[in-house]
Amino acid sequence: MMKFTGLSANLMTLGAVDFGVIVDAGVVMVENIFRHMSHAGNLDKNPRKRLEVILKAAEEVGRPIVFAIAIIISVYLPLFTLEGVEGKMFHPLALTFVYALAGALLCSLTIIPVLCFWFMRGNIVEKHSPIVEYSSKFVMPALHFSLKKPGVPIAICLASFVGAACLMPFLGSEFIPSIDEGPILLRANLPPSVSHTEASRMFDVIEETVKSFPEVDVVISRIGRSGMGGDLAGVNHADITIQLKPKNEWKTTKDKQKLITLMSEKLEKIPGPLLSFSQPIADMIDDLIAGIRAELGIKIFGDNLAKCDEIAASIEAEINKVPGAADVQRELILGLPLLSVKLNRPEIARYGLNVNEVQSVIQTAMAGRIVSEVIEDTRRFGLLLRYPLQYRDTIEDIYEIPVDTPSGAVIPMKRLAKIYKERGTVQVNREDGQRRTAVMANVRGRDLGSFVQECQERVKKNVKIPKGYKVVWGGQFENQQRAMARLSLVVPVVLLIIFILLFASFNSLKNAGLIMLNVPFAMVGGVVALFISHQSLSVPAIIGFIALFGVAVQNGVIMVSYIMQLEQNGYPVVRAAVEGATIRLRPVLMTALVAIMGLLPKIFSTGTGAEVQRPLATVVLGGLVSATLLTLIVLPTIYTLINKDPEDKEFIEEKPYAEPS
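So, here's what we can say about the structure. What you see is a predicted model; the values in this text were computed from it and never measured.

Parameters and conventions
Residues numbered from 1 in each chain as written. Predicted model: local features only at pLDDT ≥ 70, side-chain atom pairs only at ≥ 80, totals over all residues. Heavy atoms only, no water. Helix = DSSP H or I, 4+ residues; strand = E, 2+ residues; numbered from the N terminus. Rg over C-alpha atoms; globule rule 2.2 N^0.38 Å. Buried < 20%, exposed > 50% of the residue type's maximum accessible area, 1.4 Å probe, protein only. Contact = heavy atoms within 4.5 Å. Areas by Shrake-Rupley, 256 points an atom, 1.4 Å probe, with all protein chains shown as cover. Salt bridge = Lys/Arg side-chain N within 4 Å of Asp/Glu carboxyl O. Patch = residues over 30% accessible without salt bridge, like charges linked within 9 Å, V, L, I, M, F, W, Y side chains within 5 Å. Axes fitted to C-alpha atoms, helices over the stretch in contact; angles between N-to-C directions. Left-handed = near helix turned anticlockwise from the far one by under 90°. Phe/Tyr/Trp six-rings, centres within 6.5 Å; stacked < 30°, edge-to-face > 60°. Lys NZ or Arg CZ within 6 Å of the ring centre and 35° of its normal. Core = buried A, V, L, I, M, F, W, Y, C linked by side-chain atoms within 4.5 Å.

Observations regarding the overall build of the chain
For the chain, the helix and strand inventory stands at 24 helices and 15 strands. Radius of gyration (C-alpha) of the chain: 36 Å, far over the 26 Å computed for a compact globule of 661 residues. Seen along its three principal axes, the alpha-carbon backbone of the chain occupies a region of about 125 × 60 × 45 Å. In the chain, buried positions account for 50% of the 661 residues. Within the chain, contacts between residues separated by at least 24 positions form 78% of all contacts whose residues are at least 6 apart in sequence. Just so you have it, the chain exposes about 31,700 Å², and 59% of that area is on carbon and sulfur atoms.

Thoughts on the pattern of salt bridges
Across all of its chains, the model carries 20 salt bridges by this definition. The closest approach of N and O atoms between Asp239 and Arg187, which form a salt bridge, is 3.3 Å. In this pair, Asp239 is assigned in strand S3 (residues 233-244) and Arg187 in strand S1 (residues 184-189), connecting sequence segments 52 residues apart. On the accessibility criterion, Arg187 (13% relative accessible area) is buried.

Focus on a nonpolar patch on the surface
Together, Ile111, Val114, Leu115, Trp118 and Phe119 make up a nonpolar patch on the protein surface, roughly 520 Å² of accessible area in all. As for its position among the elements, Trp118 is in helix H6 (residues 111-119).

Concerning the packing of helix H3 (residues 24-40) against H6
Angle between the axes and distance between the axes are the two parameters that describe a pair of packed helices. In the contact formed by H3 and H6, the axes pass within 10 Å of each other and the chain directions differ by 35 degrees. Note on packing geometry: the crossing formed by H3 with H6 is right-handed. Along the contact surface, H3 presents Gly26, Met29, Val30 and Ile33, while H6 presents Ile112, Pro113 and Cys116.

Focus on the packing of aromatic side chains
This model, assessed by the stated rule, comprises one aromatic pair. Judged by centre distance (4.6 Å) and plane angle (15 degrees), the rings of Tyr76 and Phe97 are stacked. Of this pair, Tyr76 sits in helix H4 (residues 47-76) while Phe97 sits in helix H5 (residues 84-109), and the two are 21 residues apart along the sequence. Taking relative accessible area as the criterion, Tyr76 reaches 4% and is therefore assigned buried. The ring of Phe213 has Lys266 sitting right over it, with the charged end atom 5.3 Å from the ring centre. Lying over the aromatic face of Phe301, Lys470 brings its terminal NZ or CZ to 5.2 Å of the ring centre.

Concerning unusual backbone geometry
The phi angle at Asp327 is positive, at roughly 55 degrees, despite the residue not being glycine. Note that Asp327 resides in strand S6 (residues 325-330). Residue class for Asp327 comes out buried when judged on its relative accessible area of 12%. With a phi angle near 55 degrees, Asp377 is a residue other than glycine that sits in the positive phi range. Its place among the elements puts Asp377 in the loop between strand S8 (369-376) and strand S9 (379-385). Residue classification places Asp377 among the exposed positions, given a relative accessible area of 74%.

Re the nonpolar core
Of all hydrophobic cores here, the largest spans 115 residues; its most connected members are Tyr76, Ile498, Leu502 and Ile543. If you tally residues by element for this core, the top one is helix H20 (residues 539-568), at 20 residues. Filtering out sequence-adjacent residues up to four positions away, Ile543 remains in contact with Leu79, Leu82, Phe90, Leu93, Leu487 and Leu616. Counting 25 residues, the second largest nonpolar core, distinct from the first, contains Ile206, Val216, Leu259 and Leu275.

This is the structure we're talking about:
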């Protein structure tokens, strides 16, 4: 458990370090100093003046940078409230990001201005890159149109938000995407009555079938497990580890899930075994967390094992009808063949015998009895006395076993006991002081959340649960429910913290609320990105949304703070908005593009752990795209609506849009 959690936590910690977001504060600081220095001309002969220009430029963006970074840091703090597996995985992520951002903030406010003072020399000429030029040709006309007809962009934003909300049910949900560990673990179960010889033969057949796939490198089987450990298993059970060749050598298919499906279809032709596919570490984690070695475990609690098994059989039949169900099976709690002996006590007494004497004869015949001890040097061995097989092979043979009476008569066993076969108990599982069995299932080709929802509906409709019995849905679904319940509390807290910090920064409810508009529009991009990439809404994806809230608000803070500065310098509201969008176009684009570039390796990565990082990176990337458009076009427009100025109309008519200065 700890090894797996540590591996996942390290993977998520590396995923947290989006260097694009880390350098955002430095990018904004350098860009603003560079712009001011380009307007100041050559100040090499006047170091004091150059220092004043740099300090003024740093002071201009210092406060917005501090609050922007503080907001990003604050959104990670509620992640420390997560519990269980998700807590162990995402606590290192939050710590890493908080430490990295704190260091980046300190660097941007201290070291970067000093480096600018040392290296920004000569006559600095401000030139815009092709990216900024092309972006300006799109953004500024769009902004002017938006200022003239503000209802259009607002309607587009609302329609986009409603559309994203409509897409949410189609995303599906899951706990955490499965990490591709490499090897495949195949768990095979035979009937409890199987002999060791027959089990070994059957598992050899399974091995040979698996080896027929050219993608398979090595197959290793482990039959049974010692009763001394916490995970005992009989000879009817085997863990088969399938080591695969490198993917560039695969011939049947390049997709691992497809390969597992093909293996399952071929193995289903072998009569007898119940099969379940998993991965070595994931299998152990499922067992440690829920006591169920599958993605979904449906536990049935009750006192009567036969009734529990009957309910489990009904649930198993319903689960098999749900699309996406794979490796469906129930725990083997009944079915072990037993030979029961019912003694005829009156007859035993009539012949002058007692129960212990008759039981001793049966034990000696069937199981054997130690009657002496053999010594070889320093070693001692028990001498076991047991009847030959031909005298105990069938019930009829056992009935003919002779029993000596005190009177010297010899009578057959059939006069003293009734012997019959019955279906006995394989194992008795208990949880929270109650007997339980379970139905296990894996999910292929669809998300876990919708699969469980459909299963619950079928079970509720078609399976009658008697009084005194209960059904509990566990496995990864249980983890998902717990994590989602906690995150449903964390997300509103994050939004409240962001709003409080924005109000503290601007001392204005209107402007704080304006910047909060970045949050829903950023969510639009995240939802669309998940939908396009065919990814489900998982815990990493929701963590991505939380991270996105802070990143999306950052550019809004930088934009609105500069517009407010221009207003304080006497600019009319609309002119301040246009000028702010013009001046802040480059830093907003730079921070967004740098962050996106930092996320691309995580999205296209195919190594171990990429499955967990990808939803988080996808959400942040998609949200950055939509939030950047909102920051550059819609945010200035709404700012002019909530801060009216008499000169606004005249300015809009006279000056269509400003080029980057």
